[in-house]
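# Commentary on secondary and tertiary structure
The lines below spell out each chain.
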Amino acid sequence: MSARSKARKRALDVLYESEVRGLAVGGTLAERLEDNDPPVAEFTVSLVEGVSTHITAIDDLLSTHSVGWTLDRMPAVDRNILRIGVYELLYDEQVPDVVAVSEAVAMARDLSTDESPAFVNGLLARLLQLKPTLGV
């Protein structure tokens, strides 16, 4: 697993933990940085802070373009994988679009349900298709 893939997984851990604990998006980041065990990569911090900064727009996009699923109905793991994917796809110019989608699908395959990779791929592919019209 590449260093960036590990950093994405760690960002997912932070986002998921924050949600489960009822904290703000990324609310456990400061604790993880203080503990630093395992160490928190700069890319992890960038992802968590980026998702946190753009959470309203990201969640609006997910809600609008997710066919048959409300944001609250999505498994928490999938919801946070999608948040990272959307952030990378729309707001992080250093990550190629295909990598953002591929990495999100890989996390869903490794960490979620059997149906999750197809769901994550479909939703991110739709957003990638709409990207030029989203004004982001």
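Throughout, residues of each chain are indexed from 1 in the direction in which the sequence is written. Where totals are concerned, whole chains, interfaces and linings use all residues; where local detail is concerned, this predicted model gives features only for residues with pLDDT of at least 70, and gives and counts side-chain atom pairs only at 80 or more. Where side-chain values are given, they derive from all heavy atoms of the structure, hydrogens and water being excluded.

## Description of the overall build of the chain
Applicable threshold: A run of H or I in DSSP counts as a helix once it spans at least four residues, and a run of E counts as a strand once it spans at least two, with each numbered from the N terminus. Values of the radius of gyration come from C-alpha atoms, whereas the globule rule sets the reference at 2.2 Å times the count of residues to the power 0.38. Accessibility here uses a 1.4 Å probe with only protein chains present; expressed as a share of the type maximum, an area under 20% marks a residue as buried, one over 50% as exposed, and anything in between as partly exposed. In these tables, accessible area is a Shrake-Rupley quantity obtained with a 1.4 Å probe, and a residue counts as shielded only by the protein chains included in the view.
Per the secondary structure count, the chain includes 7 helices and 0 strands. Going from the N terminus to the C terminus, the chain shows its helices and strands as α-α-α-α-α-α-α. Since a compact globule built from 136 residues should have a radius of gyration of about 14 Å, the 14 Å found for the chain is in line with a globular shape. On the principal axes, the C-alpha backbone points of the chain span a range of 40 × 30 × 30 Å. Per-residue burial for the chain yields a buried fraction of 43% across its 136 residues. As displayed, the chain has an accessible area near 7100 Å², and 52% of this comes from carbon and sulfur atoms.

## A word on the nonpolar core
We count it as follows: Only buried residues count toward a nonpolar core. Its members are Ala, Val, Leu, Ile, Met, Phe, Trp, Tyr and Cys residues joined through side-chain atoms within 4.5 Å. Note on contacts: a residue pair is in contact if any heavy atoms of the two residues lie within 4.5 Å.
Counting 37 residues, the largest nonpolar core has Leu62, Ile81, Leu82, Ile84, Val86, Val120 and Leu124 as the members making the most contacts within it. Breaking this core down by element, the ones donating at least two residues are α1 (3–20), α3 (42–53), α4 (55–65), α5 (76–91), α6 (97–111) and α7 (116–130). Apart from the residues lying within four places of it in its own chain, the contact partners of Leu62 are Leu71, Met74, Arg79, Leu82, Arg83, Val86, Leu123 and Leu127.

## Points about the packing of α1 against α5
This is how the line gets drawn: To get an axis, fit a line to the C-alpha atoms, keeping to the stretch in contact for a helix; angles then go from 0 to 180 degrees between the N-to-C directions. Relative orientations are named as follows: roughly parallel for angles under 35 degrees, roughly antiparallel for angles over 145 degrees, roughly perpendicular for angles from 65 to 115 degrees, and oblique for any other angle. Handedness of a helix crossing follows the sense of rotation of the near helix relative to the far helix, less than a right angle counterclockwise being left-handed and clockwise being right-handed. Ten residues, namely Ala, Val, Leu, Ile, Met, Phe, Trp, Tyr, Cys and Pro, are considered nonpolar, four, namely Asp, Glu, Lys and Arg, are considered charged, and the remaining ones, Gly among them, are considered polar.
Contact geometry for α1 and α5: axes closest at 9 Å, N-to-C directions at 125 degrees. For the element pair α1 / α5, the angle class is oblique. Between α1 and α5 lies a crossing of right-handed hand. Across from Arg8, Ala11, Leu12, Leu15, Tyr16 and Glu19 in α1, the residues of α5 making contact are Ala76, Val77, Arg79, Asn80, Ile81, Arg83, Ile84 and Glu88. Of the residues contributing to the contact of α1 with α5, the split by class is 8 nonpolar, 1 polar and 5 charged.

## Points about the environment of Val48
Locating Val48 in the fold gives a position in helix α3. Residue classification places Val48 among the buried residues on the basis of a relative accessible area of 1%. Setting aside anything within four residues of it in sequence, one finds Val48 in contact with Ala11, Val14, Leu15, Gly26 and Leu29.

## Quick word on unusual backbone geometry
Following Asp37, the chain continues to Pro38 via a peptide bond in cis, the omega torsion being 5 degrees. A positive phi is found at Asn36, a non-glycine position, where the angle reads about 50 degrees. Along the polypeptide, Asn36 turns up in the loop between α2 (29–35) and α3. Accessibility expressed as a relative area gives 38% for Asn36, which makes it partly exposed.

## Digging into the pattern of salt bridges
To keep it simple, the criterion reads: A pairing counts as a salt bridge when a side-chain nitrogen of Lys or Arg comes within 4 Å of a carboxyl oxygen of Asp or Glu.
Enumeration according to the criterion identifies 12 salt bridges in this entry. Residues participating in the shared-partner salt-bridge network are Glu17, Arg21, Glu31, Arg32 and Asp35.

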